Amino acid sequence: MRRATDATVLMVGPDRSLRGGIVSVVNGYFGAGLPAMCARFDYLSTGVGSNILSKSAAFAGALVAYKKMLGSYEIVHLHMGPRGSYRRKSIMARIAKRHGKKVVLHEHSGEFARDFEEGTAAYRSSVLRTFAVADRVVVLSEEWRDYFAGRICSAEKLVVLHNGVEVPPRPCDSASSNDILFLGRLCARKSPEVLLRASREALRRYPDMRVVFGGDGYPDRYRAVAEDLGIADRCEFRGWVSGPEKEQLFARAGIYCLPSKHEGMPMSVLEAMAHGLPVISTKVGGVPQVIEDGVNGLLMDVDDEETLSTLLVELAASPSFRKALGAAGRVTVKRKFSVSAAVGKLVDMYDSLHGKGNS
């Protein structure tokens, strides 16, 4: 692959063996050839830990390596999530700036605005100082761009970079199944309980329908909810899925649903659309930038169980509607949300920073 920029880049984020949206994004960049497009590119993991103590120890080790590596790079690209991830990347951003590096902060958290608005004065001040250090701030949607421009940093720093996914050569046949698929962490933010409650009427009408959950988190909590609702025998909790197992779940699904309370740009929604599945999701974060309601997917308000119940029944009743929505969604992802397009925009950003003096 031909080099596209003379910039040298050190990218920092979660260990690539871990689970989650940021890792999926980063691995997509690697799969699309980003390292070979730069004059020099390396990835530094902030380490692996199962609790606060082990995470702190892992980060301390990563910080030692980080300081040794900084001299070889012009640009430092930091992937940032909520809470602990923010604190770690805040420290690294300030170190990089003291060493005269260009700093890119790539914000992935769908909870950023809530954390900022509800945080203490000291936390808000820390956030503003951290983002003042950045030369570029990458956000996942136009909605987040507007929020950041109004509350966090100057608009000139902001770059909207939609998450991108690979599009399979052939779509799934959503018309052949009524199964509902949910992929994501089983936690309150993703609202699996909303899906469980809303699915009862569709499950009653369609005896062949099942609700399939792929994700880690708190599966026992939601198994108990399914038991209380009397639908446990129609629900599957598969744990974290990836690779061929995830592809099998896409292949057997007729409907994809992610009723989250907060999101940035959910990778699972893009993946489901790329597979040709009809998607129901909430009007949060970057989702409305992807889904045009009734055209290439369906939108609902947060916690609106009644509407979700109606939408599930409507989709189950009409295989042709499922197929039409899925086909339109697949076209949308091909045109606007491919990983190759995202990597191209990243390279352009690196090139715009290459060779510039310190800000």
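This report concerns the structure included in the present document. (Residues numbered from 1 in each chain as written. Predicted model: local features only at pLDDT ≥ 70, side-chain atom pairs only at ≥ 80, totals over all residues. Heavy atoms only, no water.)

## A few points about the sheet that holds strand E4 (residues 102-107)
And then number 1: The six strands are arranged E2-E1-E3-E4-E5-E6 in an open sheet whose pairing can be described as parallel. If you trace the sheet from one side to the other, it starts and ends with strand E2 (38-45) and strand E6 (158-160), each paired once. Neighbour-to-neighbour, the strand axes of the sheet open up by a mean angle of 20°, direction not taken into account.
And then number 2: Judged from the four bridges that link them, strand E1 (residues 5-13) and strand E3 (residues 75-80) form a sheet pairing that is parallel. Paired with valine 9 across the strands is isoleucine 75, a residue of E3.
And then number 3: Against the sheet, helix H1 (residues 21-31) contacts E1, E2, E3 and E4, and its axis sits at roughly 140° relative to E3.
And then number 4: Here helix H3 (residues 52-69) sits on the sheet in contact with E1, E2 and E3, set at roughly 165° to E2. (Pairing = 2+ DSSP bridges. Helix = DSSP H or I, 4+ residues; strand = E, 2+ residues; numbered from the N terminus. Axes fitted to C-alpha atoms, helices over the stretch in contact; angles between N-to-C directions. Contact = heavy atoms within 4.5 Å.)

## Thoughts on the nonpolar core
And then number 1: Counting 86 residues, the largest nonpolar core has Tyr29, Leu34, Ile280 and Tyr350 as its most contacted members.
And then number 2: No other element matches the eight residues that helix H16 (residues 339-353) contributes to this core.
And then number 3: Residue contacts for leucine 34: discarding those within four places in its chain leaves Met11, Tyr29, Phe41, Val343, Leu346, Val347 and Tyr350.
And then number 4: Formed by 34 residues, the second largest nonpolar core is a distinct cluster that contains Val76, Met92, Tyr147 and Leu158. (Core = buried A, V, L, I, M, F, W, Y, C linked by side-chain atoms within 4.5 Å. Buried < 20%, exposed > 50% of the residue type's maximum accessible area, 1.4 Å probe, protein only.)

## Points about the pattern of salt bridges
And then number 1: Tallied over the entire structure, the rule returns 26 salt bridges.
And then number 2: Note that arginine 189 and glutamate 111 form a salt bridge whose closest N and O atoms lie 3.2 Å from each other. Of this pair, arginine 189 sits in the loop between strand E7 (180-183) and helix H8 (192-198) while glutamate 111 sits in the loop between E4 and helix H5 (112-118), and the two are 78 residues apart along the sequence.
And then number 3: The class for glutamate 111 is buried, based on a relative accessible area of 8%.
And then number 4: Taking the shortest distance from any N to any O, the salt bridge between glutamate 236 and arginine 210 comes out at 2.8 Å. Of this pair, glutamate 236 sits in strand E9 (residues 235-237) while arginine 210 sits in the loop between helix H9 (200-205) and strand E8 (211-214), and the two are 26 residues apart along the sequence.
And then number 5: Residue arginine 210 is classed as partly exposed on the basis of its relative accessible area, which comes to 27%.
And then number 6: Through salt bridges with shared partners, a single network forms among Asp179, Arg210, Glu236, Arg238, Glu245 and Arg252. (Salt bridge = Lys/Arg side-chain N within 4 Å of Asp/Glu carboxyl O.)

## Notes on the side chain of arginine 330
And then number 1: By the element assignment, arginine 330 lies in helix H15 (residues 319-336).
And then number 2: Once residues within four sequence positions are removed from consideration, arginine 330 is found in contact with Val167, Pro168, Pro169, Arg170, Pro171, Met273, Ala274 and Gly276.

## Examining the pairing of E3
And then number 1: Within E3, six of the six residues are buried, which leaves the element mostly enclosed by the surrounding structure.
And then number 2: Side-chain alternation along E3 places Ile75, His77 and His79 on one buried face and Val76, Leu78 and Met80 on a second face that is also buried.
And then number 3: Pairing geometry for E3 and E4, over six bridges, is parallel. Across the sheet, residue methionine 80 finds its bridge partner in E4, namely glutamate 107.

## Quick look at the sheet that holds strand E11 (residues 279-282)
And then number 1: Judged by pairing direction, the sheet is parallel, and its six strands sit side by side in the order E9-E8-E7-E10-E11-E12 without closing on themselves. Lying at the two open borders of the sheet, with one neighbouring strand each, are E9 and strand E12 (298-300). Averaged over all adjacent pairs, the angle separating strand axes in this sheet is 20°, with direction ignored.
And then number 2: Across three bridges, E11 lies against E12 in parallel orientation.

## Looking at the packing of aromatic side chains
And then number 1: Tallying each qualifying case throughout the model produces twelve aromatic pairs.
And then number 2: Aromatic side chains phenylalanine 30 and phenylalanine 41 sit 5.8 Å apart centroid to centroid with 75° between the ring planes, which places their arrangement in the edge-to-face category. Taken together, the residues phenylalanine 30 in helix H1 and phenylalanine 41 in strand E2 connect sequence positions eleven residues apart.
And then number 3: By relative accessible area, phenylalanine 30 is classed as partly exposed at 24%.
And then number 4: In this structure phenylalanine 41 comes out as buried when scored by relative accessible area, which is 11%.
And then number 5: Seen in terms of ring centroids, tryptophan 144 and phenylalanine 148 are 6.3 Å apart; in terms of plane orientation they differ by 70°. Their pairing is edge-to-face. A residue pair is termed a helical-turn pair when its members lie 3 or 4 positions apart in one helix, as tryptophan 144 and phenylalanine 148 do in helix H7 (residues 142-151) at four residues. (Phe/Tyr/Trp six-rings, centres within 6.5 Å; stacked < 30°, edge-to-face > 60°.)

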